[in-house]
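# Observations on the model geometry
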Amino acid sequence: MFYSKEIETIGEYDVIVSGGGPGGICAAAAAADMGMNVLIIERAGVLGGNITIGHVSPFMGKYAENTMAQYINELVCGKGSDTNDFEKAKIELTKLAAEKGICV
């Protein structure tokens, strides 16, 4: 006899990202930009990981020009800065997800 359980399906996605920290946000945004239907599963209930709930700033250190890391850094810190406002970062990352159609 095998154990079985019915699990409710809440949606269908092309990409499911586990964790809404810097890496997860970059992966989800890149997939959404390629036309994928994306879901981020985040246990903390807010996007950002160490950017927001970890209160780590600067959070990405050095990054190459024209990369997702630069884009996210400028989004939450402002252009030319490496210090972020943790609460502003929560808002900006949530707006980014909404604008790209990413489900969280």
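The structure this text deals with has already been given above.
Bear in mind the structure is a predicted one, so any value in this text is a computation, not a measurement. (Residues numbered from 1 in each chain as written. Predicted model: local features only at pLDDT ≥ 70, side-chain atom pairs only at ≥ 80, totals over all residues. Heavy atoms only, no water.)

## As for the packing of helix H1 (residues 22–33) against helix H2 (residues 68–77)
With their axes 10 Å apart at the nearest point, H1 and H2 run at an angle of 110° to one another. Viewed along their axes, H1 and H2 adopt a mutual orientation that is roughly perpendicular. For the pair H1 and H2, the sense of crossing is right-handed. Contact residues: Ile25, Cys26 and Ala29 in H1; Met68, Ala69 and Ile72 in H2. Looking at side-chain class alone, the contact of H1 with H2 contains six nonpolar, no polar and no charged residues. (Axes fitted to C-alpha atoms, helices over the stretch in contact; angles between N-to-C directions. Helix = DSSP H or I, 4+ residues; strand = E, 2+ residues; numbered from the N terminus. Parallel < 35°, antiparallel > 145°, perpendicular 65-115°, else oblique. Left-handed = near helix turned anticlockwise from the far one by under 90°. Contact = heavy atoms within 4.5 Å. Nonpolar A, V, L, I, M, F, W, Y, C, P; charged D, E, K, R; others polar.)

## Here we look at helix H3 (residues 86–99)
Taking 1.5 Å per residue as the helical rise, H3 with its 14 residues ought to reach 20 Å, and the 20 Å between its terminal C-alpha atoms agrees with that figure. Along its buried surface, H3 packs onto H1 and H2. A distance of 3.0 Å separates the backbone nitrogen of Glu87 from a side-chain oxygen at the start of H3, and that oxygen is part of Asp85. One or two steps after H3, the chain reaches Gly101, where phi turns positive at roughly 75°. (Expected span 1.5 Å × (residues − 1). Polar contact = N/O pair within 3.5 Å; in protein donor to acceptor, adjacent residues only side chain to side chain.)

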